[in-house]
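# Report on the structure
So you can see what is in the structure, the chains are spelled out below.
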Amino acid sequence: LAKTTQPISMDSYEGQEVNITCSHNNIATNDYITWYQQFPSQGPRFIIQGYKTKVTNEVASLFIPADRKSSTLSLPRVSLSDTAVYYCLVGDTGPDSGAGSYQLTFGKGTKLSVIP
Amino acid sequence: DAGVTQSPTHLIKTRGQQVTLRCSPKSGHDTVSWYQQALGQGPQFIFQYYEEEERQRGNFPDRFSGHQFPNYSSELNVNALLLGDSALYLCASSQPLDSVNTEAFFGQGTRLTVV
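Residues numbered from 1 in each chain as written. Chains lettered and ligands numbered in written order. Predicted model: local features only at pLDDT ≥ 70, side-chain atom pairs only at ≥ 80, totals over all residues. Heavy atoms only, no water.

Residue and element names in this part refer to chain B. For V32, the position within the fold is in strand 4 (residues 31-37). Expressed as a C-alpha distance, the spacing of V32 and F47, which sit 15 residues apart in the sequence, is 8.6 Å. With near-sequence residues (within four places) excluded, V32 lies in contact with C23, P25, F47, Q48, Y49, Q68, Y72, S74, C91, A92 and S93. (Helix = DSSP H or I, 4+ residues; strand = E, 2+ residues; numbered from the N terminus. Contact = heavy atoms within 4.5 Å.)

It is worth spelling out the pattern of salt bridges at this point. Residue and element names in this part refer to chain B. If you walk through the whole model with that rule in mind, you get four salt bridges over all chains. R22 is the salt-bridge partner of E75, the closest N and O atoms lying 3.4 Å from each other. Taken as a pair, E75 in strand 8 (residues 74-78) and R22 in strand 3 (residues 19-24) lie far apart in primary sequence, 53 residues in all. Here E75 falls in the buried class, since its relative accessible area comes to 18%. For R57, the salt bridge is made with E54, and the minimal N-O distance between the two is 3.1 Å. According to the relative accessible area criterion, R57 is partly exposed, its value standing at 28%. For E54, a relative accessible area of 35% gives the class partly exposed. (Salt bridge = Lys/Arg side-chain N within 4 Å of Asp/Glu carboxyl O. Buried < 20%, exposed > 50% of the residue type's maximum accessible area, 1.4 Å probe, protein only.)

The next point concerns the packing of aromatic side chains. Counted according to the given criterion, the structure contains 11 aromatic pairs over all chains. With centroids separated by 6.0 Å and ring planes inclined at 90°, the aromatic side chains of F106 of chain A and Y35 of chain B adopt a geometry described as edge-to-face. Here Y35 of chain B lies in strand 4 and F106 of chain A lies in the loop between strand 8 (84-91) and strand 9 (110-115), a pairing that spans two chains. Assigned by exposure class, F106 of chain A and Y35 of chain B land together as buried. Where F47 of chain B meets Y49 of chain B, the ring centres are 5.3 Å apart and the plane angle is 85°; that geometry is what we call edge-to-face. Through a chain of ring-to-ring contacts, three or more aromatic side chains come together here, namely Y36, F46, Y87 and F106 of chain A together with Y35, F45 and F106 of chain B. (Phe/Tyr/Trp six-rings, centres within 6.5 Å; stacked < 30°, edge-to-face > 60°.)

Let's shift gears to the sheet that holds strand 8 of chain A. Residue and element names in this part refer to chain A. If you trace the five strands from one edge of the open sheet to the other, you get 1-9-8-3-4, paired in mixed fashion. With one partner strand each, in any of the chains shown, strand 1 (9-13) and strand 4 (45-50) form the two edges of the open sheet. Ignoring which end each strand starts from, the neighbouring axes of this sheet average 25° apart. Bridging between strand 1 and strand 9 involves five bridges; their strand directions are parallel. (Pairing = 2+ DSSP bridges. Axes fitted to C-alpha atoms, helices over the stretch in contact; angles between N-to-C directions.)

Quick look at the nonpolar core now. Ranked by internal contacts, the top residues of the largest apolar core, which has 20 residues, are I33, W35, I47, L73, L75 and Y86 of chain A. Contributions of two or more residues to this core are made by strand 2 (18-23), strand 3 (32-38), strand 4, strand 6 (61-64), strand 7 (70-75), strand 8 and strand 9 of chain A. No other element matches strand 8 of chain A, which puts four residues into this core. With 19 residues, the next largest nonpolar core counts V19, L21, F47 and V78 of chain B among its residues. (Core = buried A, V, L, I, M, F, W, Y, C linked by side-chain atoms within 4.5 Å.)

Take a look at the structure:
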């Protein structure tokens, strides 16, 4: 399983765009990149998943360069409620991965603090 | 539609005791995975159940065992509790393996404290 490296913590003011970068130099061909959000004393919540280029949903965007050795989660105009830990996961969790889909490997994540 | 539900929410046990945690998956989901999350750490995969069988296992001792019932609900059992087993135990469920949607849905967790 590919190892990921992401900043331990980040601070941002309300209304700003936040970009959290994750390094995954050993990503494999079948690996997808997935981001989860976790609030204190709650289970993680899926944010976004991608394989290459750019993926956007109603919550965030995920930018993946051509070499796929890193990825950036972009949160537009953060609010206080976006204060949470954000996890970058890399693994064979794509639509064709079968039984391996759900053995998720979490690192320590990035603790994002949004300041008023 | 209820999401993933876990019980109990909090539990205090004494070293050496045994504990059983329960999980009901989200409606339509047939795969259940269990994770242990120590304070300040990310969740660590314990094992996954599908079709009432343990399909994958993480690096956890045999003191950790589980079960999945025909209605897809699941139990996590931990024997001979150690102080180091104190953690938030998370259950995650997912759609059938032939689904294109691989998103895992997590419950709120059970906070286990071993004293």
